[in-house]
Amino acid sequence: MNRMFLVYLLLGLLGSLSVTSGLSVMIEHTVNIPCNRRCSTVEWYWKKIQVYNFTEGNLRVAPEFEGRIKFSEVNVREGNVSLTVTSVEYNDRGWYVCSCDGQKDCDHYLDVLVPTQLTAAIGDKTMVSCYAETDKLTSESNVNVRWEKDDKLVVKLEHGEMEFGPGFEERFSVSREDYKRGNLSLTIDDVKSSDAGLYKCSALNGKNKTPEIVTLIVTGWYILFNFL
């Protein structure tokens, strides 16, 4: 009987906890921190700072976020009290919590990403680096790595199977073996000018990825012959 009581108590505690999630945004970009609630008084907090307070039709914004908050009273009336921050700064990272009519909910951790830069010449073979803490004993069937370029799938290694996005089938790859060493890097053969862009690395079973976003700059020699 005592065991069953403890089980029900634990389930009740888990059910009462608010849902947390992690978000990421590149520095100087815009992020939307979601929260859908119907309330008359809305407060968003970052650490110990009140980002903004909206009550009785009045909006107050903290000096640290002045001019960087997108707010819509119409959205609030419709039950959308999400927080939108523009021109994100590195120090904006941290926990954000929404208080709706005095009840705190919708807590999200925001990570601010700073892309590193890589330069490669046309025709070269290059590696877009990404490292993470991974399990050395992970079987190939549990390896899970995803690379995106400008928000489009480049290659995904999942459950031992490799899948490519359109146009990335021949020259892009990641290594199953290197994953166990913490190396999630993307290899590009015969670099082309169209390969330039923003690459993002993610891993389901990895943590503390460094770096997570890389800007690839492609250089080359162009010779123009004019025959008159």
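Here is a short report on the structure shown in this document. Predicted model only: the values in this text are computed from it and were never measured. (Residues numbered from 1 in each chain as written. Predicted model: local features only at pLDDT ≥ 70, side-chain atom pairs only at ≥ 80, totals over all residues. Heavy atoms only, no water.)

## Quick word on the environment of Asp178
Going by this rule: Secondary structure elements follow DSSP: runs of H or I of four or more residues count as helices, runs of E of two or more count as strands, with numbering from the N terminus. Using a 1.4 Å probe on the protein chains alone, a residue whose accessible area is under 20% of its type maximum counts as buried, one over 50% counts as exposed, and one in between counts as partly exposed.
Among the structural elements, Asp178 can be located in helix α3 (residues 176-179). Asp178 gets classed as partly exposed once you look at its relative accessible area, which sits at 24%. Each C-alpha atom, one on Asp178 and one on Tyr131, is 9.8 Å from the other, the two residues being 47 residues apart in sequence.

## Some details on the packing of aromatic side chains
Worth spelling out the cut-off: Any pair of Phe, Tyr and Trp rings, taking the six-membered ring for Trp, is counted once the centres come within 6.5 Å. Such a pair is stacked with planes under 30 degrees apart, edge-to-face with planes over 60 apart, and tilted for the rest.
Under the definition given, this model contains five aromatic pairs. With centroids separated by 5.5 Å and ring planes inclined at 75 degrees, the aromatic side chains of Tyr52 and Phe71 adopt a geometry described as edge-to-face. Remark: Phe71 occurs in the loop between β6 (69-70) and α2 (73-77) and Tyr52 occurs in strand β4 (residues 49-55); sequence separation between them is 19 residues. The class for Tyr52 is buried, based on a relative accessible area of 2%. Judged by its relative accessible area of 27%, Phe71 is partly exposed. Each ring, one from Phe54 and one from Phe71, has its centre 4.9 Å from the other, and the planes form 45 degrees; the classification is tilted.

## Focus on the side chain of Arg171
As a reminder, the rule being used: Whenever a nitrogen or oxygen atom comes within 3.5 Å of another N or O atom, the pair is scored as a polar contact, on the condition that within protein one atom can donate a hydrogen and the other can accept it, and that pairs from neighbouring residues in sequence are kept only if both atoms are in side chains. Contacts are residue-level and defined by heavy atoms, with any inter-residue pair within 4.5 Å sufficient.
Tracing the sequence through the fold places Arg171 in the loop between β15 (161-164) and β16 (172-173). A distance of 2.9 Å separates the side chain of Arg171 from the side chain of Asp195, its partner in a polar contact. Contacts of Arg171, omitting those with residues within four sequence positions, involve Thr187, Ile188, Asp189, Asp190, Val191, Lys192 and Asp195.

## Let's talk about the state of the cysteines
The condition that has to hold: What counts as a disulfide here is a pair of cysteine sulfur atoms lying within 2.5 Å.
This structure, assessed with the given rule, holds three disulfides. At a sulfur-sulfur separation of 2.1 Å, the disulfide partner of Cys35 is Cys106. Measuring the twist about the S-S bond at about 70 degrees, one finds the Cys35-Cys106 disulfide to be right-handed. Here Cys35, found in the loop between β2 (31-33) and β3 (42-46), pairs with Cys106, found in strand β9 (residues 103-113); they are 71 residues apart in sequence, far enough to count as distant.

## Describing the sheet that holds strand β13 (residues 144-149)
As a reminder of what qualifies: Paired strands, in this sense, are two strands between which DSSP finds at least two bridges. A fitted line through C-alpha atoms represents every axis, and for helices the fit uses only the stretch in contact; the resulting angles, taken between N-to-C directions, go from 0 to 180 degrees.
Sheet architecture is open: six strands sit in the order β10-β20-β18-β13-β14-β15, paired in mixed fashion. Two strands bound the open sheet, and with one partner strand each, they are β10 (116-121) and β15. Here the average twist between neighbouring strands, direction ignored, is 20 degrees. Inspection of the sheet shows β13 paired to strand β18 (residues 197-203) by five bridges, in the antiparallel sense. Following the sheet pairing, Arg146 is matched in β18 by Ser202.

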